[in-house]
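Residue-level structure breakdown
What follows is the residue order along each chain.
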Amino acid sequence: MKPETISQLIFFTTISFAFVSWGMFASRSVWPKLCRKPRIDALRPLLILHSFRFIGLTFLVPGVVSPDLPTAFSKAAGYGDFIAAVLALAALFLLPRKAGLATVWLFNLWGTGDLLFAFFEGNRSGLMAGQLGAMYFIPTFFVPLALITHGMIFRILLERPHEPATQVHAVS
(Lines give C-alpha, C1' and ligand atoms only; values in the text may rest on other atoms or scores of the structure.)
Protein backbone atom coordinates (compact mmCIF):
# COMPACT_ATOMS: atom_id res chain seq x y z
CA MET A 1 0.00 0.00 0.00
CA LYS A 2 1.28 3.49 -0.88
CA PRO A 3 2.34 5.80 1.97
CA GLU A 4 -0.26 8.39 0.85
CA THR A 5 -2.99 5.76 1.07
CA ILE A 6 -1.88 4.75 4.55
CA SER A 7 -1.85 8.41 5.63
CA GLN A 8 -5.38 8.93 4.32
CA LEU A 9 -6.59 5.75 6.07
CA ILE A 10 -5.08 6.94 9.35
CA PHE A 11 -6.66 10.37 8.80
CA PHE A 12 -10.16 8.99 8.24
CA THR A 13 -9.74 6.45 11.06
CA THR A 14 -8.89 9.23 13.52
CA ILE A 15 -11.90 11.25 12.36
CA SER A 16 -14.14 8.21 12.78
CA PHE A 17 -12.82 7.46 16.26
CA ALA A 18 -13.28 11.11 17.24
CA PHE A 19 -16.94 10.95 16.17
CA VAL A 20 -17.47 7.83 18.27
CA SER A 21 -15.59 9.18 21.30
CA TRP A 22 -17.17 12.64 21.23
CA GLY A 23 -20.57 11.07 20.58
CA MET A 24 -20.26 8.89 23.68
CA PHE A 25 -18.99 11.79 25.76
CA ALA A 26 -21.78 14.09 24.57
CA SER A 27 -24.56 11.55 25.03
CA ARG A 28 -23.42 10.30 28.44
CA SER A 29 -21.84 13.34 30.07
CA VAL A 30 -23.01 16.54 28.39
CA TRP A 31 -26.53 15.92 27.10
CA PRO A 32 -27.98 14.61 30.41
CA LYS A 33 -26.97 17.91 32.05
CA LEU A 34 -28.07 20.15 29.19
CA CYS A 35 -31.47 18.56 28.71
CA ARG A 36 -32.44 19.48 32.28
CA LYS A 37 -31.61 23.15 31.77
CA PRO A 38 -33.82 25.85 30.29
CA ARG A 39 -33.15 26.42 26.58
CA ILE A 40 -31.00 29.54 26.95
CA ASP A 41 -28.85 27.98 29.67
CA ALA A 42 -28.43 24.83 27.59
CA LEU A 43 -27.34 26.79 24.51
CA ARG A 44 -24.81 28.99 26.31
CA PRO A 45 -21.94 26.45 26.81
CA LEU A 46 -22.36 25.09 23.29
CA LEU A 47 -22.09 28.58 21.81
CA ILE A 48 -19.04 29.33 23.95
CA LEU A 49 -17.36 26.22 22.54
CA HIS A 50 -18.05 27.39 18.99
CA SER A 51 -16.73 30.88 19.71
CA PHE A 52 -13.27 29.26 19.48
CA ARG A 53 -13.74 28.52 15.79
CA PHE A 54 -11.62 31.58 15.01
CA ILE A 55 -8.77 29.04 15.21
CA GLY A 56 -9.76 28.00 11.68
CA LEU A 57 -8.10 31.18 10.40
CA THR A 58 -4.84 29.33 10.97
CA PHE A 59 -5.57 27.38 7.76
CA LEU A 60 -4.43 30.60 6.05
CA VAL A 61 -1.06 30.84 7.82
CA PRO A 62 1.92 29.71 5.73
CA GLY A 63 4.27 27.49 7.69
CA VAL A 64 1.47 26.14 9.87
CA VAL A 65 -0.07 24.38 6.89
CA SER A 66 1.72 23.04 3.84
CA PRO A 67 2.26 25.54 1.01
CA ASP A 68 0.50 23.08 -1.30
CA LEU A 69 -2.69 22.97 0.80
CA PRO A 70 -5.44 23.64 -1.76
CA THR A 71 -6.36 27.34 -1.59
CA ALA A 72 -10.04 26.60 -2.22
CA PHE A 73 -10.07 24.47 0.94
CA SER A 74 -7.95 26.75 3.14
CA LYS A 75 -9.92 29.91 2.32
CA ALA A 76 -13.32 28.24 2.71
CA ALA A 77 -12.34 26.53 5.97
CA GLY A 78 -10.52 29.53 7.43
CA TYR A 79 -13.04 32.24 6.66
CA GLY A 80 -16.04 29.96 7.17
CA ASP A 81 -14.86 29.09 10.67
CA PHE A 82 -14.15 32.73 11.47
CA ILE A 83 -17.67 33.73 10.43
CA ALA A 84 -19.05 30.87 12.55
CA ALA A 85 -17.09 32.17 15.57
CA VAL A 86 -18.42 35.71 15.05
CA LEU A 87 -21.98 34.37 14.75
CA ALA A 88 -21.53 32.24 17.89
CA LEU A 89 -20.36 35.31 19.84
CA ALA A 90 -23.23 37.39 18.46
CA ALA A 91 -25.69 34.65 19.46
CA LEU A 92 -24.20 34.55 22.97
CA PHE A 93 -24.53 38.31 23.31
CA LEU A 94 -28.09 38.35 21.94
CA LEU A 95 -29.28 35.13 23.59
CA PRO A 96 -31.46 36.71 26.29
CA ARG A 97 -33.01 39.13 23.77
CA LYS A 98 -35.67 38.59 21.13
CA ALA A 99 -33.09 38.37 18.34
CA GLY A 100 -31.10 35.76 20.28
CA LEU A 101 -32.75 32.58 19.07
CA ALA A 102 -32.85 33.82 15.48
CA THR A 103 -29.11 34.44 15.73
CA VAL A 104 -28.58 30.97 17.19
CA TRP A 105 -30.47 29.50 14.21
CA LEU A 106 -28.35 31.56 11.80
CA PHE A 107 -25.14 30.51 13.54
CA ASN A 108 -26.13 26.85 13.65
CA LEU A 109 -27.18 26.68 10.01
CA TRP A 110 -24.04 28.52 8.89
CA GLY A 111 -21.71 26.57 11.18
CA THR A 112 -23.07 23.17 10.18
CA GLY A 113 -22.99 24.07 6.50
CA ASP A 114 -19.45 25.39 6.81
CA LEU A 115 -18.16 22.14 8.31
CA LEU A 116 -19.95 19.98 5.77
CA PHE A 117 -18.72 22.19 2.93
CA ALA A 118 -15.14 21.89 4.25
CA PHE A 119 -15.43 18.08 4.06
CA PHE A 120 -16.80 18.38 0.53
CA GLU A 121 -14.18 20.91 -0.57
CA GLY A 122 -11.34 18.91 0.97
CA ASN A 123 -12.46 15.82 -0.90
CA ARG A 124 -13.10 17.71 -4.15
CA SER A 125 -9.71 19.41 -4.09
CA GLY A 126 -7.81 16.19 -3.31
CA LEU A 127 -6.71 17.28 0.15
CA MET A 128 -4.05 15.01 1.61
CA ALA A 129 -3.79 14.72 5.40
CA GLY A 130 -0.13 15.80 5.42
CA GLN A 131 -1.02 19.12 3.77
CA LEU A 132 -2.80 20.19 6.95
CA GLY A 133 0.45 20.42 8.90
CA ALA A 134 -0.18 21.52 12.48
CA MET A 135 -3.87 22.00 11.65
CA TYR A 136 -4.31 18.22 11.41
CA PHE A 137 -6.01 18.32 14.83
CA ILE A 138 -8.89 20.47 13.56
CA PRO A 139 -10.60 17.85 11.35
CA THR A 140 -9.49 14.92 13.50
CA PHE A 141 -10.39 16.33 16.92
CA PHE A 142 -12.45 19.52 16.78
CA VAL A 143 -14.70 19.05 13.71
CA PRO A 144 -16.38 15.87 15.04
CA LEU A 145 -17.05 17.66 18.34
CA ALA A 146 -18.35 20.72 16.49
CA LEU A 147 -20.72 18.68 14.32
CA ILE A 148 -22.04 16.77 17.33
CA THR A 149 -22.66 19.98 19.24
CA HIS A 150 -24.38 21.49 16.20
CA GLY A 151 -26.73 18.51 16.36
CA MET A 152 -27.31 19.18 20.04
CA ILE A 153 -28.10 22.83 19.31
CA PHE A 154 -30.62 21.82 16.63
CA ARG A 155 -32.23 19.44 19.10
CA ILE A 156 -32.47 22.12 21.79
CA LEU A 157 -33.95 24.61 19.34
CA LEU A 158 -36.49 22.15 17.95
CA GLU A 159 -37.54 20.47 21.20
CA ARG A 160 -38.10 23.56 23.29
CA PRO A 161 -39.98 26.03 21.09
CA HIS A 162 -42.41 26.92 23.90
CA GLU A 163 -39.87 28.79 26.05
CA PRO A 164 -39.84 32.53 25.37
CA ALA A 165 -36.61 33.86 23.86
CA THR A 166 -36.54 36.72 26.36
CA GLN A 167 -36.48 34.43 29.39
CA VAL A 168 -33.23 35.07 31.26
CA HIS A 169 -31.79 32.35 33.48
CA ALA A 170 -28.98 32.45 35.98
CA VAL A 171 -25.79 30.78 34.85
CA SER A 172 -25.18 27.60 36.86
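Residues numbered from 1 in each chain as written. Predicted model: local features only at pLDDT ≥ 70, side-chain atom pairs only at ≥ 80, totals over all residues. Heavy atoms only, no water.

1. Describing the overall build of the chain
This is how the line gets drawn: Secondary structure elements follow DSSP: runs of H or I of four or more residues count as helices, runs of E of two or more count as strands, with numbering from the N terminus. Our radius of gyration looks at C-alpha atoms and nothing else; its globule reference is 2.2 Å times the residue count to the power 0.38. Burial here depends on accessible area, computed with a 1.4 Å probe over protein chains only, as a share of the maximum for the residue type. Under 20% is buried, over 50% is exposed, and the range in between is partly exposed. The method behind every accessible area is Shrake-Rupley, applied with a 1.4 Å probe, and residues are considered shielded solely by the protein chains displayed. Residues scored as positive are Lys and Arg, those scored as negative are Asp and Glu, and His as well as the terminal groups of each chain are ignored. By convention, the point assigned to a charge is CZ for Arg, NZ for Lys, CD for Glu and CG for Asp.
Each helix and strand in the chain was counted, giving five helices and zero strands. Its helices and strands taken in sequence order, the chain reads α-α-α-α-α from the N to the C terminus. The globule rule puts the C-alpha radius of gyration for 172 residues at 16 Å, and the 17 Å found for the chain is close to it. Expressed along its principal axes, the backbone C-alpha trace of the chain runs to roughly 55 × 30 × 25 Å. Relative to its full complement of 172 residues, the chain shows a buried share of 44%. When the accessible surface of the chain is totalled, it reaches about 9000 Å², and 72% of it is carbon and sulfur. For the chain, the separation between the mean place of its 14 positive charges and that of its 8 negative charges on side chains is 10 Å.

2. Looking at the pattern of salt bridges
Going by this rule: By definition, a salt bridge exists where a carboxyl oxygen of Asp or Glu is found within 4 Å of a side-chain nitrogen of Lys or Arg.
For the structure on display, the rule yields five salt bridges. R44 is paired through a salt bridge with D41; the nearest N and O atoms lie 2.9 Å apart. Of this pair, R44 and D41 both sit in helix α2 (residues 39-50), separated by three residues, roughly a single helical turn. Across the pair, D41 and R44 agree in class, each one buried.

3. Digging into the environment of R39
With respect to the helices and strands, R39 occurs in helix α2. According to the relative accessible area criterion, R39 is buried, its value standing at 4%. With 62 residues separating them in the primary sequence, R39 and L101 have C-alpha atoms 9.7 Å apart.

4. Some details on the packing of α2 against helix α3 (residues 71-94)
Our working rule: Here, axes are lines fitted to C-alpha atoms. For helices the fit covers the stretch in contact, and angles between N-to-C directions go from 0 to 180 degrees. Any angle from 65 to 115 degrees is called roughly perpendicular, while one under 35 is roughly parallel, one over 145 is roughly antiparallel, and all others are oblique. Crossings are classed by handedness, with left-handed meaning an anticlockwise turn of the near helix from the far one by less than a right angle and right-handed meaning a clockwise turn. Note on contacts: a residue pair qualifies if any of its non-hydrogen atoms lie within 4.5 Å across the two residues. Any residue that is not Ala, Val, Leu, Ile, Met, Phe, Trp, Tyr, Cys, Pro, Asp, Glu, Lys or Arg is counted as polar, Gly included; the first ten are nonpolar and the last four charged.
As a packed pair, α2 and α3 sit with axes 8 Å apart at the nearest point and diverge in direction by 150 degrees. As the angle between them shows, α2 and α3 are arranged roughly antiparallel. Seen along the crossing, α2 lies across α3 with a hand that is left-handed. Judged by residue contacts, R44, L47, I48 and H50 of α2 engage A85, A88, A91 and L92 from α3. Residue classes in the contact of α2 with α3 are distributed as six nonpolar, one polar and one charged.

5. What about the packing of aromatic side chains?
Using the following cut-off: Aromatic rings from Phe, Tyr and Trp, taking only the six-membered ring of Trp, are treated as a pair when their centres fall within 6.5 Å; an angle between ring planes under 30 degrees marks them as stacked, one over 60 as edge-to-face, and anything in between as tilted. Charge-over-ring placement is defined geometrically: NZ (Lys) or CZ (Arg) within 6 Å of the ring centre, and within 35 degrees of the ring normal.
Within this structure, the stated rule accounts for eight aromatic pairs. Seen in terms of ring centroids, F59 and F73 are 5.4 Å apart; in terms of plane orientation they differ by 80 degrees. Their pairing is edge-to-face. Highlighted residues: F59 in the loop between α2 and α3 and F73 in helix α3, separated in sequence by 14 residues. Just as F59 is buried, F73 falls in that class too. Between R97 and the ring centre of F93, over which it is positioned, the NZ or CZ distance is 4.7 Å.

6. Observations concerning helix α1 (residues 3-34)
The test is simple: By this rule the span expected of a helix is its residue count minus one, scaled by 1.5 Å.
Along its 32 residues, α1 runs 43 Å from first to last C-alpha, staying within 8% of the 46 Å computed at 1.5 Å per residue. Next to the buried residues of α1 lie α2, α4 (98-124) and α5 (137-159).

7. Some words on the confidence of the model for the chain
Which entries qualify depends on this criterion: Confidence per residue, as judged by the predictor, is encoded in pLDDT with a range of 0 to 100.
Of all residues in the chain, 92% have pLDDT values of 70 or greater, and the mean over the chain is 92. pLDDT under 50 marks residues 164-172. Its contacts with residues more than four places away, or in other chains, come to 22 contacts.

8. Observations regarding the packing of α3 against α4
One can describe the packing of α3 onto α4 by two numbers: an axis separation of 9 Å at closest approach and a directional angle of 165 degrees. One finds that α3 runs roughly antiparallel with respect to α4. Note that α3 runs across α4; the crossing there is left-handed.

9. Regarding α4
Here α4 spans 40 Å end to end across 27 residues, near enough to the 39 Å set by a 1.5 Å rise per residue. Backbone geometry just downstream of α4 places G126 in the positive-phi region, at approximately 75 degrees.

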